[in-house]
Amino acid sequence: MNRHPLPPDDSWESDAVWKLLDQAPPVAAGPRFAADTVRAARLAGTPRAWWQRVFSPIPLVGLSATAAAVAIAVLSLTPSPSHTPPPIAANNDEAFAGIQELAEAEVLSAAVDNLDRFTDTELVSLIGL
């Protein structure tokens, strides 16, 4: 740790920053400094009018973004007149058999991941013995 030891005089006046500030020329306040400060303090304490809060840019951006999202949702969810439903399969047993096999495989996979949540009877019934 590279720290320079403090000068023998430990007071704040011996600090390098204070020495530099002592060398700076003084700056006089402008003629309206007090009036401007009092005016800024009074305006900071008063709430804005309701119409200023409603018509400020931030609520208008949110309102326009919401309106655009609603318009896009309505346009995308309305069905087009040329949309026709897919044809129904003639043999439903074959289609459901594949879905049943997939569902059983998923249940067995979930059972392997969470063996402690199933009883022995439930596991035997899942395997199908």
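Report follows, based on the coordinates.

1. Digging into helix α2 (residues 33-45)
An α-helical segment advances 3.6 residues per turn. Residues three or four places apart therefore align on the same side. Taking 1.5 Å of rise per residue, 13 residues should cover 18 Å, and α2 covers 19 Å from first to last C-alpha, within 8% of that figure. Counting buried positions along α2 gives zero out of 13 residues, so the element sits mostly on the surface.

2. Describing a nonpolar patch on the surface
Together, Trp50, Trp51, Val54, Phe55, Leu60 and Leu63 give the surface a local cluster of nonpolar side chains, amounting to about 710 Å² of exposed area. Put simply, the parts of the chain that give the nonpolar patch at least two residues each are α3 (50-54) and α4 (57-77). Broken down by element, the nonpolar patch gets its largest block of residues, three residues, from α3. In this fold, valine 54 is placed in helix α3. A residue is classified by how much of its surface remains accessible, and valine 54, at 42% relative accessible area, is partly exposed.

3. A few points about the packing of helix α5 (residues 92-113) against helix α6 (residues 120-127)
Packing of α5 against α6 leaves a shortest axis separation of 10 Å and a crossing angle of 150°. Considering how the two elements wind past one another, α5 and α6 form a crossing that is left-handed. Of the residues in α6, those touching α5 at Val107, Leu108 and Ala111 are Leu123, Leu126 and Ile127. Here the residues of the contact of α5 with α6 sort into six nonpolar, no polar and no charged.

4. Considerations on the pattern of salt bridges
Taken as a whole and assessed by the stated rule, the structure comprises one salt bridge. The partner of arginine 32 in a salt bridge is aspartate 36, and the shortest N-O contact between them spans 3.3 Å. A relative accessible area of 53% places arginine 32 in the exposed class. Exposure remark for aspartate 36: the relative accessible area of 40% places this residue in the partly exposed category.

Definitions and cut-offs
- Residues numbered from 1 in each chain as written.
- Predicted model: local features only at pLDDT ≥ 70, side-chain atom pairs only at ≥ 80, totals over all residues.
- Heavy atoms only, no water.
- Helix = DSSP H or I, 4+ residues; strand = E, 2+ residues; numbered from the N terminus.
- Expected span 1.5 Å × (residues − 1).
- Buried < 20%, exposed > 50% of the residue type's maximum accessible area, 1.4 Å probe, protein only.
- Patch = residues over 30% accessible without salt bridge, like charges linked within 9 Å, V, L, I, M, F, W, Y side chains within 5 Å.
- Areas by Shrake-Rupley, 256 points an atom, 1.4 Å probe, with all protein chains shown as cover.
- Salt bridge = Lys/Arg side-chain N within 4 Å of Asp/Glu carboxyl O.
- Axes fitted to C-alpha atoms, helices over the stretch in contact; angles between N-to-C directions.
- Left-handed = near helix turned anticlockwise from the far one by under 90°.
- Contact = heavy atoms within 4.5 Å.
- Nonpolar A, V, L, I, M, F, W, Y, C, P; charged D, E, K, R; others polar.

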